[in-house]
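For reference, the chains in residue letters:
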Amino acid sequence: MKKKPQHAAPKKSFCQRWFPCRGDRPGTVVLKILTILFLVVFLVSGYFLLDELVLKPTAADQSVEELRQEFFPSESESSESSQTDESTAESTVQPDPTPTPKPIDYAKQLATLQERYPDIVGWIQLPGTIIDYPVLQSDSSDPEYYLYRNYKSESTKYGSIFASSDSLPFAQCRNSVVYGHSMQDGRMFASLLFFNSLDTYRTCPTITLYTEEGKSTWKIFSVMKVSTKEEHGVYFPFSRTSFLDDDDFMQYVYGVYQRSVLDTGVTVREDDELLSLVTCSYEYDGFRTVVVARKVRDGESSEVDTSKSRYNARVVYPDVWYTNHSGSQPVWTENWHDAVKDGSFSVYDGNG
């Protein structure tokens, strides 16, 4: 007896295989719906992950890089400019085959940027770190305008490196305060969190700043861990930008010295200018890491002898630190004049 030929089941289309169709069993319908939901969740999650880890960081980097290339002309461009100026002035003189690059006028470069972005007041670099950004500054009506905006006023989680609106004009007061996020991917001011290590400090003991006054170098003097919370104890005013007189200024500097995790050996005196870089720190809620530097003086070498640096054995932390760690807050001589006399304030090199 011959068997009847078996006909192959008709192939299902893509839609029939993956989407609920008439004739599907109830279990099959549920399975297809769950599969579609899981796929949508996967794709949406993947997009947000890609956006957070790749797209947004790349966009932020490209935005700054565009400005960086404009602010720091290449060496070849500088050489060509120098050759052009020389040939215009003395057309009969043959140009040097190996011309010296013309010094860059950073004040002029900054003024050019300010024509389009008037709130750019400088550029900051910490050699050996990722910190290489423009510095923004808004007015006192909205001092944190650039907390979550870039120099184009576009919204971004990275925000900008921005100066306190109290220090107007920027870098021309006794303590210029600059803020930036400490991003988990290492961007913005995240590198500051590692400066409580001698190894990090010794690889990067100076800060380079470009303002309307040109290029300047600042020697890192102190690395503090401070708190913004009243419940953490006596508040230290790390964001002060102005002082009553030299005595008031030096009392503040003495407080900065006491709270430094490191004793860098960098000297200070009444006529010094300070630059304080502030970012969120995560030892406790409300903590900040503050890196304080003082400007290289006229005629002084910008080199730092880091072999003199050491950890501060009597560093003063906020009170909450001692609640959760052994020990108690060390006692220091109260007045900075007396501290100079008894050797507690050994880095002072003024005449007071």
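Residues numbered from 1 in each chain as written. Predicted model: local features only at pLDDT ≥ 70, side-chain atom pairs only at ≥ 80, totals over all residues. Heavy atoms only, no water.

**What to know about the sheet that holds strand β9 (residues 287-295)**
- Spatially, the eight strands close up into a barrel ordered β1-β2-β3-β4-β8-β9-β6-β5, and their pairing is mixed. Across this sheet, the average inter-strand angle for adjacent strands is 30°, counted without regard to direction.
- Pairing of strand β2 (residues 132-136) with strand β3 (residues 161-163), which is carried by two bridges, proceeds in the parallel orientation. Bridging from a neighbouring strand, Leu136 pairs with Phe162 of β3.
- Against the sheet, helix α4 (residues 106-116) touches β1 (120-125), β5 (206-211) and β6 (214-227), its axis set at about 125° to β1. (Pairing = 2+ DSSP bridges. Helix = DSSP H or I, 4+ residues; strand = E, 2+ residues; numbered from the N terminus. Axes fitted to C-alpha atoms, helices over the stretch in contact; angles between N-to-C directions. Contact = heavy atoms within 4.5 Å.)

**Remarks on unusual backbone geometry**
- For Ser153, which is not glycine, the phi torsion reads 65° and is therefore positive.
- Note on placement: Ser153 falls in the loop between β2 and β3.
- Residue class for Ser153 comes out partly exposed when judged on its relative accessible area of 34%.
- Despite not being glycine, Met188 has its phi angle at roughly 60°, a positive value.
- Its place among the elements puts Met188 in the loop between β4 (175-179) and α5 (198-203). (Buried < 20%, exposed > 50% of the residue type's maximum accessible area, 1.4 Å probe, protein only.)

**Concerning the environment of Cys280**
- One can find Cys280 in strand β8 (residues 274-280).
- Residues Cys280 and Ala190, spaced 90 residues apart in sequence, show a C-alpha to C-alpha distance of 8.5 Å.
- For Cys280, the contacting residues outside a window of four places in its chain are Gly180, Ser182, Leu193, Phe287 and Arg288.

**What to know about the environment of Tyr146**
- By the element assignment, Tyr146 lies in the loop between β2 and β3.
- The class of Tyr146 is buried, set by a relative accessible area of 4%.
- Put simply, Tyr146 and Phe162 are 16 residues apart on the chain and 6.5 Å apart in space, counted from C-alpha to C-alpha.
- Look past the residues within four positions of Tyr146 in its chain and what remains in contact with it is Asp119, Leu136, Gln137, Ser138, Tyr151, Ser153, Gly159, Ser160 and Phe162.
- Engagement of the side chain of Tyr146 in a polar contact is seen with the side chain of Asp119, the distance being 2.7 Å. (Polar contact = N/O pair within 3.5 Å; in protein donor to acceptor, adjacent residues only side chain to side chain.)

**Some thoughts on the pairing of β2**
- Of all the five residues making up β2, five are buried; the element is thus mostly covered by neighbouring parts of the structure.
- Looking at chain direction, β1 and β2 are connected through five bridges and run antiparallel. Its bridge partner lying in β2, Gln125 is registered against Asp132.
- Counted between consecutive antiparallel strands, the loop separating β1 from β2 contains six residues, among which Gly128 sits at a positive phi close to 90°.

**Details of helix α6 (residues 246-258)**
- Across its 13 residues, α6 extends 18 Å between first and last C-alpha, which sits within 8% of the 18 Å expected from 1.5 Å per residue.
- Most of α6 is tucked away, with 10 of its 13 residues classed as buried.
- For α6, the full list of buried residues reads Asp248, Phe249, Met250, Tyr252, Val253, Tyr254, Gly255, Val256, Tyr257 and Gln258.
- Looking at the packing, one finds that the buried side of α6 touches β4, β6, β7 (262-263), β8, β9 and α8 (336-342).
- With a side-chain oxygen lying 3.2 Å from the backbone nitrogen of Asp247, the N-terminal cap of α6 falls on Asp245. (Expected span 1.5 Å × (residues − 1).)

**Some remarks on the confidence of the model for the chain**
- Per-residue pLDDT for the chain averages 84, and the proportion of residues at 70 or more is 79%.
- Here residues 78-92 scores under 50 on pLDDT; set against residues more than four positions off or in separate chains, the count is nine contacts. (pLDDT = per-residue confidence, 0-100.)

**Let's talk about the pattern of salt bridges**
- The tally for this structure, following the rule as stated, stands at 16 salt bridges.
- Two residues, Arg187 and Asp185, come together in a salt bridge whose shortest N-O distance is 3.1 Å.
- By relative accessible area, Asp185 is classed as partly exposed at 35%.
- Arg297 is the partner of Asp349 in a salt bridge, and the nearest nitrogen-oxygen pair spans 3.0 Å. Within this pair, whereas Asp349 is found in the segment after α8, its partner Arg297 is found in the loop between β9 and β10 (310-311), the two being separated by 52 residues in sequence.
- Owing to a relative accessible area of 14%, Arg297 belongs among the buried residues under this scheme.
- What emerges from the salt-bridge pattern is a single network uniting Glu65, Arg68 and Asp132. (Salt bridge = Lys/Arg side-chain N within 4 Å of Asp/Glu carboxyl O.)

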